[in-house]
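# Summary of the model geometry
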Amino acid sequence: MLARQRQTAILERLRRAGGVRVTELAAEFGVSDMTIRRDLDTLHEQGLLAKVHGGATPAGPGSTDEPGFHAKSVRQSAEKAAIAEHAAGLVRPGAAIALSAGTTTAELARRLVDVPGLTVVTNSLPVAEALHVGGRPDQTVVLTGGVRTPSDALVGPLAVAAIAALHLDLLFLGVHGISERAGFTTPNLMEADTNRALVAAADRLVVLADHTKWGTVGISSIVPLEAADVLVTDDRLAPEARRVLDDRVGELVTVPTTRGGGVKRTQIALADGRELIYFDERDDAVRDQPDRRDLPPPPPASQLRYDPLTDEWVAVAVHRQTRTFLPPADQCPLCPSRGERHSEIPAPDYDVVVFENRFPSLSQRVADEPAEITPFTPVRPGRGRCEVVCFTDDHNASFARLSPRRVRTVLDALADRTTALSALPGVEQVFPFENRGVEIGVTLHHPHGQIYAYPFVTPRTRTMLAAARRYADRTGGNLYADVLATERASGDRVVTSNEHWTAYVPAAARWPFEVHVAPHRPVPDIPALNDAERDAFGPLYLDLLRRFDGLFDLPMPYIAAWHQAPVRIDRELGHLHLQLFSIRRAKDKLKYLAGSESGMGVFINDIAPERAAELLRAA
């Protein structure tokens, strides 16, 4: 194995496990400890990992990860569509252009099928297919040869040689990352060579990249920022990025991204520097009220300790012992600020609000940590983010009492935050959820949810992805999609459904009352849902929650957990779904996780899933 291949494998293991040890890597690759240390030195110098005593941990946004084309195509779909629409306006009939590989350039290709006399050179199989299938007879499509990458690009010496003889008017370049230091980057070394050849062959360079690419650094630079004549991105680009790019690229174009929800987004800073975002259903909402509290600085990030016996990370967040616990209604920190009472939300009213948790389990405020507790227990900072999502300013409401319009606003807010948190350095998975009821363990009565952005793929998700991978290898299918299709065909455990969603009790449900709410179209996460799917979710979910409350004529304690695909790996294996479950098994009985469940992880359900579905349908 070449050093470059070994280093790529090291980074892949680091992403999966959250930490690596020199001795284990040396044994795995059959090389000396010194060779592994040299590999870690090289990757550390490139900013792709952080060295610790005896091994390494992740270090921010450096990446050699290259997801497949399908996995990337469903990310930031609205942004890519808007960018592609603008880019199509730059193409003139009869031009000779090049489109590099990428999902945004593939979006552009679909918008060029009616341009007469066009000559398109590309190293992208999806781009070539879009133009070959839908293009005009007078268009010419030239597909370079080369080695195929996971993102369906053709790269390497053959592609470079084919491109070198060409003279092109315009190149549309898709990139993996943009950074002030590294410029435009990619995780594939041969793709960088191929893209540089395309740049050299074109008179003009237009880079197409959505806002999430800022701050991501691939292992190989393509060209510096100054090489771009035009950079087309979306209007969610961070202010810091705008300042840098305005100064460095020839022309920066930010296009508006539209969604059917019609939500107005306003971002402010709280008194201690934490971020708060209003999501308003009215265009005339004014959110200029300052936070008048005198607050101490937020706490540093928690400490993550690795458990070698279970291959899991445990967060130690001692500052959370002092968090607010079930205050009376007149002291609720999630109600609006009114009169002399100042809360976490400075405005006197709101629709939906998201803000950084004051007592986070994970945050970006990283402090120095020891490298390890024992030789078996590496330690790393709890880098990530925890946010609070307030569904309404009505303290006495519940999610079940929201309007379908408000549910759509909540869903748009979760999509916004999933996209933003996925772009943070080191974040590997984003988990939105709601806890309801003191029986579940809530510390605030006000209707709210939370979002955790983890620096690793969680154990539950790893288990589900492993099962999905085995199924895909054996059958070529998507495990969750096929399970959903079987449940829909049977109907025995289906509680309710509509054109876009089905709510069903899993055949092997762990909890007395457990329902999965899944979109019929396989998508990896909430941002990938289209407008019709987002609109259809609210009425179905509200009906389901009211059925839960109607089971025993009591407010049902529950956890609502959104299962989203990881940020960087195995996205094509995931299938977004909401897991709704309650610990109440009878009007006067709760399901406790006792010896078998807590000690061995073996669940024992007191209610047959078919009976639970029957009771919910009748509720």
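Refer to the structure presented above.
Residues numbered from 1 in each chain as written. Predicted model: local features only at pLDDT ≥ 70, side-chain atom pairs only at ≥ 80, totals over all residues. Heavy atoms only, no water.

### Focus on the overall build of the chain
Of the regular secondary structure elements, the chain holds 16 helices and 34 strands. Over its C-alpha trace the chain gives a radius of gyration of 25 Å, about what one expects of a compact globule, namely 25 Å for 619 residues. The proportion of buried residues among the 619 residues of the chain is 56%. Here the analysis covers contacts within the chain between residues at least 6 apart in sequence; of these, 66% occur between residues at least 24 apart. When the accessible area of the chain is evaluated, it comes to approximately 25,900 Å², of which 52% is carbon and sulfur surface. When the 70 positive and 79 negative side-chain charges of the chain are each reduced to one mean point, those points stand 3 Å apart. (Helix = DSSP H or I, 4+ residues; strand = E, 2+ residues; numbered from the N terminus. Rg over C-alpha atoms; globule rule 2.2 N^0.38 Å. Buried < 20%, exposed > 50% of the residue type's maximum accessible area, 1.4 Å probe, protein only. Contact = heavy atoms within 4.5 Å. Areas by Shrake-Rupley, 256 points an atom, 1.4 Å probe, with all protein chains shown as cover. Lys, Arg positive; Asp, Glu negative; His and termini not counted. Charge placed at Lys NZ, Arg CZ, Asp CG, Glu CD.)

### Structural notes on helix α13 (residues 479–490)
Given a rise of 1.5 Å per residue, 12 residues ought to cover 16 Å, and the 17 Å separating the end C-alpha atoms of α13 matches this to within 8%. Looking only at α13, the buried set comprises Tyr 480, Ala 481, Leu 484 and Glu 487. An end-on view of α13 places all buried positions within 125° of arc, on one side of the element. Within α13, the exposed residues directed more than 90 degrees away from the buried face are Thr 486 and Ala 489. The secondary structure elements touched by the buried residues of α13 are β28 (494–497), β29 (501–504), β30 (513–519) and β32 (577–582). (Expected span 1.5 Å × (residues − 1). Arc of directions from axis to C-beta.)

### Some words on the layout of surface pockets
One number sums up the size of the second largest pocket: a volume of about 950 Å³. Arg 460, Met 464, Arg 510, His 516 and His 563 are, among the 33 residues lining the second largest pocket, the residues nearest its centre. Elements represented by at least two residues in the lining of the second largest pocket include exactly α12 (459–475), α13, β30 and β32. Examining the composition of the lining of the second largest pocket, we find that seven residues originate from one element, α12, more than from any other. (1 Å grid on protein atoms, 1.4 Å probe; cavity = no way out; pocket = protein on both sides within 12 Å on 5 of 7 lines; lining within 4 Å. Points joined across faces, edges and corners; volume = space filled by probe spheres on them.)

### So, the sheet that holds strand β24 (residues 377–381)
With antiparallel pairing, the four strands of this open sheet are ordered in space as β21-β20-β24-β23. The sheet is open, and its two borders are formed by β21 (312–316) and β23 (372–374), each paired with just one other strand. Here the strands of the sheet are splayed against their neighbours by 25° on average, with no regard to which way each runs. (Pairing = 2+ DSSP bridges. Axes fitted to C-alpha atoms, helices over the stretch in contact; angles between N-to-C directions.)

Keep in mind that these numbers describe shape and distance, not what the molecule does.
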